[in-house]
Amino acid sequence: MIHFVGAGPGDPELITLKGRSLLEQADIVIYAGSLVSKAHLDYCKQSCERYDSAGMTLEEVMEVAIRGDREGKSVVRLHTGDPTIYGAIREQMDFLKQNRVEYTVVPGVSSFTASCAAIKREFTVPDVSQTVIITRLEGRTPVPELESLEKLASHRASMAIFLSVGDIERVVEKLAEGYGSRDVPVAVVYKATWSEQKIISGTLEDIAQKVRDAKIDRFAQILVGYFIEGEYGRSLLYHPEFTHGYRQGTE
Ligand SMILES: C[S@@+](CC[C@H](N)C(=O)[O-])C[C@H]1O[C@@H](n2cnc3c(N)ncnc32)[C@H](O)[C@@H]1O
């Protein structure tokens, strides 16, 4: 059996119990070495075969995984954060399906929620935004035109932008166009939950320069929106006058 497992954002304690247990039992681990902490491998058996997928193709990864499965071994494909977000797992799952190999998917803590936790904020606050947009700037991987940053920014929803800090100037220009303003709060979180974590705060006016000064050009989340700074409304759920299935509100 092959298990796609989310390793979490970096801190090895942020993997699920299920993920850790699968790592402990694994005979083969194929991990995304660029952003998965090697500390996760300390929990594997000594006999466990380890492969860093950073230098491997899809076909090479699949060859190792399918060979292991055919030999009756337990295989963990360890992805950074949550495997369902920019994990390139769909093509792996389809490859396995074509080869009639069974697999499971174990979720993980994504770097976008870890980054929001790092800045001690909530994406969804009343009277500000009830929507989170997870997106990226187009690079060598294209992004559909309807999902361009300027179009998404025009919704003024909370945003988490992956894979884009290397082109922060272009991100800022597109966001400013969508918002029609540069007075928009932004936080860039580099390597959230790692010991090297850095948080850079600013607005669309100054964030690009601050990020350049901090020499951050990869492994970062760009969080954007008024959930970072500004007023918000109180939640109804915990309001004394609000009645719901578990509590009678006061008049
Ligand atoms: C290929 S994507 C994988 C995302 C991953 N599946 C997740 O759920 O976080 C890699 C990008 O995720 C973001 N990322 C991953 N780990 C991060 C972390 N610890 N802190 C900040 N951003 C991170 C960066 O934008 C990075 O370029």
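Residues numbered from 1 in each chain as written. Predicted model: local features only at pLDDT ≥ 70, side-chain atom pairs only at ≥ 80, totals over all residues. Heavy atoms only, no water.

Peer 1: Help me understand the overall build of the protein chain, please; the structure alone is not making it clear to me.
Peer 2: For the protein chain, the count of helices and strands is seven helices and ten strands. In terms of principal-axis extent, the alpha carbons of the protein chain reach across some 60 × 50 × 35 Å. By the burial criterion, 45% of the 251 residues in the protein chain qualify as buried. Surface exposure of the protein chain reaches about 13500 Å², of which carbon and sulfur atoms provide 50%. The protein chain carries 29 positive and 36 negative side-chain charges, and their two centres are separated by 3 Å. (Helix = DSSP H or I, 4+ residues; strand = E, 2+ residues; numbered from the N terminus. Buried < 20%, exposed > 50% of the residue type's maximum accessible area, 1.4 Å probe, protein only. Areas by Shrake-Rupley, 256 points an atom, 1.4 Å probe, with all protein chains shown as cover. Lys, Arg positive; Asp, Glu negative; His and termini not counted. Charge placed at Lys NZ, Arg CZ, Asp CG, Glu CD.)

Peer 1: I keep staring at the sheet that holds strand S6 (residues 132-136) and nothing clicks. Help me out?
Peer 2: Two strands in a sheet stick together by hydrogen bonds in their backbones, pointing the same way (parallel) or opposite ways (antiparallel). Taken in spatial order, the five strands line up as S6-S7-S10-S8-S9 in an open sheet, and their pairing is mixed. Whereas interior strands pair on both sides, the edge strands pair on one side only; in this sheet they are S6 and strand S9 (198-203). Along the sheet, successive strands turn relative to each other by an average axial angle of 20 degrees, direction set aside. For strand S8 (residues 185-190) and S9, the ladder comprises six bridges, and the chain directions are antiparallel. When the bridges of S9 are listed, Val188 appears paired with Ile200. Along the sheet, helix H4 (residues 111-118) contacts S6, strand S7 (158-162), S8, S9 and strand S10 (220-224); its crossing angle with S10, the most-contacted strand, is approximately 65 degrees. Here helix H6 (residues 168-179) sits on the sheet in contact with S7 and S10, set at roughly 15 degrees to S10. (Pairing = 2+ DSSP bridges. Axes fitted to C-alpha atoms, helices over the stretch in contact; angles between N-to-C directions. Contact = heavy atoms within 4.5 Å.)

Peer 1: Is there a simple way to think about the environment of Tyr86 in this case?
Peer 2: By the element assignment, Tyr86 lies in the loop between strand S4 (75-79) and helix H3 (90-98). Using a relative accessible area of 40% as the deciding quantity, one classes Tyr86 as partly exposed. In terms of polar contacts, Tyr86 uses its side chain to reach the backbone carbonyl oxygen of Thr135, at 3.5 Å. (Polar contact = N/O pair within 3.5 Å; in protein donor to acceptor, adjacent residues only side chain to side chain.)

Remember that the coordinates give geometry; whether it matters functionally is a separate question.
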